[in-house]
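Chains, contacts and geometry: an overview
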Amino acid sequence: MAALYRRPLRRRMRRSLLAAGGVLAGALVLSACGGDMGGMDMGDGSASSSSDSAASGSTGPMAMPTRARGAFNDADVAYVQGMIAHCEQLVEMADLTPGRAYSEKVKNLASRTKTSEEAEIAAEKSWLRAWGRPESPAMDMGDMEMGDDDSSMTISDAEMKKLMNAKGADFDRAYVEALISHRRMEAGMSDDVQKDGRNATVKEQAAMMAAMQRAEVKELEHLLATL
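Right, let's walk through the structure included here.

The rules behind each value
- Residues numbered from 1 in each chain as written.
- Predicted model: local features only at pLDDT ≥ 70, side-chain atom pairs only at ≥ 80, totals over all residues.
- Heavy atoms only, no water.
- Helix = DSSP H or I, 4+ residues; strand = E, 2+ residues; numbered from the N terminus.
- Buried < 20%, exposed > 50% of the residue type's maximum accessible area, 1.4 Å probe, protein only.
- Salt bridge = Lys/Arg side-chain N within 4 Å of Asp/Glu carboxyl O.
- Core = buried A, V, L, I, M, F, W, Y, C linked by side-chain atoms within 4.5 Å.
- Contact = heavy atoms within 4.5 Å.
- Axes fitted to C-alpha atoms, helices over the stretch in contact; angles between N-to-C directions.
- Parallel < 35°, antiparallel > 145°, perpendicular 65-115°, else oblique.
- Left-handed = near helix turned anticlockwise from the far one by under 90°.
- Nonpolar A, V, L, I, M, F, W, Y, C, P; charged D, E, K, R; others polar.
- Expected span 1.5 Å × (residues − 1).
- Phe/Tyr/Trp six-rings, centres within 6.5 Å; stacked < 30°, edge-to-face > 60°.

1. With respect to the overall build of the protein chain
- Helix and strand counts for the protein chain come out as 6 helices and 4 strands.
- What you see in the protein chain, going N to C, is helices and strands ordered as β-β-α-β-α-α-β-α-α-α.
- Per-residue burial for the protein chain yields a buried fraction of 50% across its 227 residues.

2. Topic: the pattern of salt bridges
- Counted according to the given criterion, the structure contains 11 salt bridges.
- Close ionic contact of Glu104 with Lys107 constitutes a salt bridge, the shortest N to O distance being 3.4 Å. Taken as a pair, Glu104 and Lys107 lie in helix α3 (residues 104–131) at a separation of 3 residues, close to a single helical turn.
- Given the relative accessible area of 32%, Lys107 is considered partly exposed.
- By sharing partners, the salt bridges in this structure join Glu117, Arg183, Glu186 and Glu216 into a single network.

3. Quick look at the nonpolar core
- Met93, Leu163, Phe171, Tyr175, Val176 and Leu220 are the most contacted members of the largest nonpolar core, which has 23 residues in total.
- Breaking this core down by element, the ones donating at least two residues are α2 (74–95), α3, α4 (157–165), α5 (168–196) and α6 (200–226).
- Ranked by residue count, the leading element in this core is α5, at 8 residues.
- Those residues within four positions of Phe171 in sequence are excluded, and the remaining contacts are Leu96, Thr97, Arg100, Ala101, Leu163 and Ala166.
- One finds Val77, Met153, Ala206 and Met209 within the second-largest nonpolar core, a separate group that totals 20 residues.

4. Some points on the packing of α2 against α6
- Packing of α2 against α6 brings their axes to within 11 Å, and their N-to-C directions diverge by 50 degrees. Comparing the axis directions of α2 and α6 gives the class oblique. Our pair here, α2 against α6, has a crossing hand that is left-handed. Contacts from Asp76, Tyr79, Val80 and Met83 of α2 reach α6 at Val202, Ala206 and Met209.
- Here the residues of the contact of α2 with α6 sort into 6 nonpolar, no polar and 1 charged.

5. Digging into α5
- For α5, with 29 residues, the first-to-last C-alpha span of 42 Å sits near the 42 Å given by 1.5 Å per residue.
- The element α5 is largely enclosed, with a buried count of 21 among its 29 residues.

6. As for the packing of aromatic side chains
- Summed over the entire model, instances satisfying the criterion amount to 2 aromatic pairs.
- Here Phe72 and Trp131 contribute two aromatic rings whose centre-to-centre distance is 4.6 Å and whose plane-to-plane angle is 15 degrees, an arrangement assigned as stacked. A residue pair is termed long-range when its members are at least 10 positions apart, and Phe72 in the loop between β3 (63–64) and α2 and Trp131 in helix α3 qualify at 59 residues.
- Since its relative accessible area comes to 26%, Phe72 is described here as partly exposed.
- Relative accessible area serves as the criterion here: at 9%, Trp131 is assigned to the buried category.
- Between Phe171 and Tyr175, the ring centres sit 6.0 Å apart and the planes meet at 20 degrees, which makes this aromatic pair stacked. Of the two residues, Phe171 and Tyr175 both sit in helix α5, 4 residues apart, roughly one turn of that helix. Like Phe171, the residue Tyr175 is buried in the burial classification.

Below, the structure is given as structure tokens:
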């Protein structure tokens, strides 16, 4: 799935950024493009002791604002448009799970992830509508350009084909591997907009996402080792 992205967002910062205080006031309960964030309890901010809570679906989603008020720039727009494409592929991946997955943990993870991603897509589209910008970068080229491998926001066609052709335990492993790839991409994208973006809501959300997705990667790696 081809991706479009601004050059400034391709640079990957090496450190995670933590969100400033007061983030998410007046928020709607939605996913931070991940739904059940590893062992993190998004309901009260405390850490869960369960090492496979991401797979079990025992934690709640993060709160995400439905509006991103204030000034914004092209980097903010490109990030949100990219996240929509990113989350849409996660929905496609989850849709492959019925009839293919063997592990109940993987089935549950995929089901909850789909619900969370669809909710986030709705929120991100509302941001773009408020800004008067289209949902897809393909509809708003401007000075944006075709991305290269470094700017990809989705897994490759080969990885998707691997998922489509796999069943049982092989599918379970392929799905979790693909989800790990997505979480790592999202963390990098979120780092980038911290540097290049302008909108406070986008930057705050991105900071939280970067930290949360890196935590979830550890949980997913643990799950993968058990499959």
